[in-house]
Amino acid sequence: MAAQRKKPVLVSPPSVGDLNAQLVKRGMVAPLLSVIVPVKNEEDGILPFVGRVGAILEGIAVEGGWEILFVDDGSTDATLGAIVAANQRDPRVRALSLSRNFGKEAALSAGLDHARGRAVIPMDVDMQDPPEVLPEMVAKWRDGHEMVFGIRRCRASDGWAKRLTAGLYYRAHNMVSSDKIPENAGDFRLMDRKVVDVIRAMPERNRFMKGLFAWAGFNQASVEYDRVERETGTTKFNYWKLWTLALDGITSASTVPLRIWSYIGALVAVFALAYGTFLAVSTMIFGNPVPGYASIMVSVLFLGGVQLISLGVLGEYVGRILTETKQRPLYVVRDTVGIESQVVR
Ligand code: UDP
Ligand code: MG
């Protein structure tokens, strides 16, 4: 019986793009896009995020590839387990797990340090930053803009109080700081590798990201989007945390609050001089009927208040000098998921 000759199967050689995609998938070549996602107790948010954002990235980073880099910011629930499961399904999902909760700003710094893409996009896991605007952002980046930030067209999902305080904050920040933060722009933005390197090179411990982004400059563009309700989980920011963030933001970006006290002091001194003159003149003309208890109390209390406030402001800055001089690391990585392989950049 004649041995059956197998017909040769014609296989076309893989294209350069396919090869590159395979290498990116195995983590051997840096991808085109990195999405960095700080997460704290978001176990229900991981898989939906990967599904929805992954599908969109697949469409825009066809040849260059993509990665989703989660930064587990000290979660106490099953967030890390969900990330590991996602990584087993798709190795382009990677993660850093921090040793405790360092806060969103530090988690973003960790993400920027470990993201390898030519462009990096920080996103929240709760889908409040709609991934549908990613193609538009990437298109603007390809047009030569190094920073494409998302502008919230409508913040109806945030309560009126948050909208009001956020609006006041942006206005106050931009009044006292020369690095203007675009109003209604959050952390959701695309940054070119050049911008990422500038931000990573900034030595300060106080990482108010929006301020650092604003300082970096570069050729900027924006994309509008509607900020929708959170899909899973609950907000991690209460008003006290937001207030602290606002203080960090202003004190890290501006020294106007320090200087302003010289002007207030001068103003109070001029006022006191005028009032003293008035008292002297009226005593000379009308005599001194009753020694003024009320005027003394008012001026003592007022000046005491002014001094305490100015001391408080000084304290804010001295405290920040202390944190800077300690030079502690911004975050501590406890574990990683899928990012041990060597990278060719
Ligand atoms: N987040 C974090 N560390 C924190 C607080 C929040 O990594 O200490 C993450 C959180 O998991 C989410 C993102 O930061 O992915 C934005 O948080 P959130 O949605 O609670 O903020 P909001 O949208 O309410 O301002
Ligand atoms: Mg949110």
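For clarity, every value in this text was computed on a predicted model and none was experimentally measured.

Enquirer: I'm lost on the nonpolar core in this one. Help?
Expert: A general tendency of soluble globular proteins is for nonpolar side chains to be buried together. Counting 38 residues, the largest nonpolar core has Leu-33, Phe-49, Leu-57, Ile-68, Phe-70 and Leu-134 as its most contacted members. Examining the composition of this core, we find that seven residues originate from one element, helix 2 (residues 46–60), more than from any other. For Ile-68, the contacting residues outside a window of four places in its chain are Val-35, Val-37, Phe-49, Val-50, Val-53, Gly-54, Leu-57, Arg-92, Val-93 and Arg-94. Counting residues in each nonpolar core, the second largest holds 28 residues, with Ala-107, Phe-149, Ala-185 and Ile-199 among its members.

Enquirer: Help me out: how do you make sense of the site of ligand 1 in this one?
Expert: Near ligand 1 there are 19 residues, and of these Glu-42, Asp-73, Asp-126, Thr-235 and Lys-236 occur at the shortest range. Within the backbone of Pro-38, an N or O atom sits 2.8 Å from an oxygen atom of ligand 1. Here an oxygen atom of ligand 1 sits 3.1 Å away from a polar atom, N or O, in the side chain of Asn-101. Calculation on ligand 1 without its partners gives an accessible area of 530 Å², and the protein chains cover 95% of this total. Taken together, the residues of the shell around ligand 1 sort by class into four nonpolar, four polar and eleven charged.

Enquirer: What am I meant to see in the packing of aromatic side chains here?
Expert: We describe a pair of aromatic rings using the distance from one ring centre to the other and the angle between the two ring planes. Across all of its chains, the model carries four aromatic pairs by this definition. Ring centres 5.3 Å apart and planes at 80° place the aromatic pair Phe-188 and Tyr-225 in the edge-to-face group. You can see Phe-188 sitting in strand 6 (residues 185–192) and its partner Tyr-225 sitting in strand 7 (residues 220–226), a full 37 residues away along the chain. By the burial criterion, Phe-188 is buried, and Tyr-225 matches it. Sitting above the plane of the Phe-102 ring, Arg-100 keeps its charged end 3.9 Å from the centroid.

Enquirer: What am I meant to see in helix 8 (residues 209–216) here?
Expert: An α-helix turns once every 3.6 residues. As a result, residues three or four positions apart point the same way. Within helix 8, seven of the eight residues are buried, leaving the element largely enclosed by the surrounding structure. Listed in full, the buried residues belonging to helix 8 are Met-209, Lys-210, Gly-211, Leu-212, Phe-213, Ala-214 and Ala-216. For helix 8, the elements touching its buried residues are helix 4 (104–114), strand 5 (147–154), helix 6 (160–176), strand 6, helix 7 (193–201) and strand 7. Two residues or fewer after helix 8 comes Gly-217, characterised by a positive phi angle close to 80°.

Enquirer: Would you mind showing me how to read the coordination of the magnesium ion (ligand 2) here?
Expert: When a metal holds four donors in a tetrahedron, each ideal angle between them is 109.5 degrees; when it holds six in an octahedron, the ideal angles are 90 or 180 degrees. Surrounding the magnesium ion (ligand 2) are the protein donor atoms Asp-126 (OD) and Gln-128 (OE1), which sit 1.9 to 2.0 Å from the metal. Classification of Asp-126 by relative accessible area gives buried; the value is 3%.

Enquirer: What is the right way to look at the pairing of strand 5 in this model?
Expert: Residues in a regular strand point their side chains to alternate faces of the sheet. Counting buried positions along strand 5 yields six of eight residues, so the element is predominantly enclosed. Pairing of strand 5 with strand 7, which is carried by seven bridges, proceeds in the parallel orientation. Residue pairing across strands places Cys-154 opposite Asp-226, the latter belonging to strand 7.

Enquirer: Which parts of the structure should I look at to understand the packing of helix 7 against helix 8?
Expert: Working note: a packed helix pair is described by the angle between its axes plus the distance between those axes. At a minimum axis distance of 10 Å, the contact between helix 7 and helix 8 shows a crossing angle of 120°. Judged by the inter-axis angle, helix 7 sits oblique to helix 8. The two elements helix 7 and helix 8 cross, and the hand of that crossing is right-handed. Only Leu-212, Phe-213, Trp-215 and Ala-216 of helix 8 make contact with helix 7, whose side of the interface consists of Val-195, Val-198 and Ile-199. When the residues that make up the contact of helix 7 with helix 8 are grouped by side-chain class, the tally is seven nonpolar, no polar and no charged.

Enquirer: For this particular structure, what's the right way to read the side chain of Asp-129?
Expert: With respect to the helices, strands and loops of the structure, Asp-129 is situated in the loop between strand 4 (119–122) and helix 5 (134–142). A polar side-chain atom of Asp-129 sits 2.9 Å from the main-chain amide nitrogen of Asp-124. When near neighbours in sequence (up to four residues on either side) are disregarded, Asp-129 contacts Met-123, Asp-124, Phe-188, Tyr-225 and Arg-227.

Enquirer: Help me understand the sheet that holds strand 3 (residues 93–98), please; the structure alone is not making it clear to me.
Expert: Working definition: the strands of a sheet are paired by backbone hydrogen bonds and lie parallel or antiparallel to each other. Across the sheet, eight strands lie side by side as 7-5-6-4-1-2-3-8; this open sheet has mixed pairing. Looking at the sheet topology across the chains shown, the edges are occupied by strand 7 and strand 8 (333–337). Across the sheet, the mean angle from the axis of one strand to that of its neighbour is 20°, orientation sign disregarded. Here four bridges tie strand 1 (residues 33–39) to strand 4, and the two strands are oriented parallel to one another.

What counts and how
- Residues numbered from 1 in each chain as written.
- Chains lettered and ligands numbered in written order.
- Predicted model: local features only at pLDDT ≥ 70, side-chain atom pairs only at ≥ 80, totals over all residues.
- Heavy atoms only, no water.
- Core = buried A, V, L, I, M, F, W, Y, C linked by side-chain atoms within 4.5 Å.
- Buried < 20%, exposed > 50% of the residue type's maximum accessible area, 1.4 Å probe, protein only.
- Helix = DSSP H or I, 4+ residues; strand = E, 2+ residues; numbered from the N terminus.
- Contact = heavy atoms within 4.5 Å.
- Near = heavy atom within 4 Å.
- Polar contact = N/O pair within 3.5 Å; in protein donor to acceptor, adjacent residues only side chain to side chain.
- Areas by Shrake-Rupley, 256 points an atom, 1.4 Å probe, with all protein chains shown as cover.
- Nonpolar A, V, L, I, M, F, W, Y, C, P; charged D, E, K, R; others polar.
- Phe/Tyr/Trp six-rings, centres within 6.5 Å; stacked < 30°, edge-to-face > 60°.
- Lys NZ or Arg CZ within 6 Å of the ring centre and 35° of its normal.
- Donors = N, O, S within 2.8 Å, 3.2 Å for Na, K, Ca; no water.
- Pairing = 2+ DSSP bridges.
- Axes fitted to C-alpha atoms, helices over the stretch in contact; angles between N-to-C directions.
- Parallel < 35°, antiparallel > 145°, perpendicular 65-115°, else oblique.
- Left-handed = near helix turned anticlockwise from the far one by under 90°.

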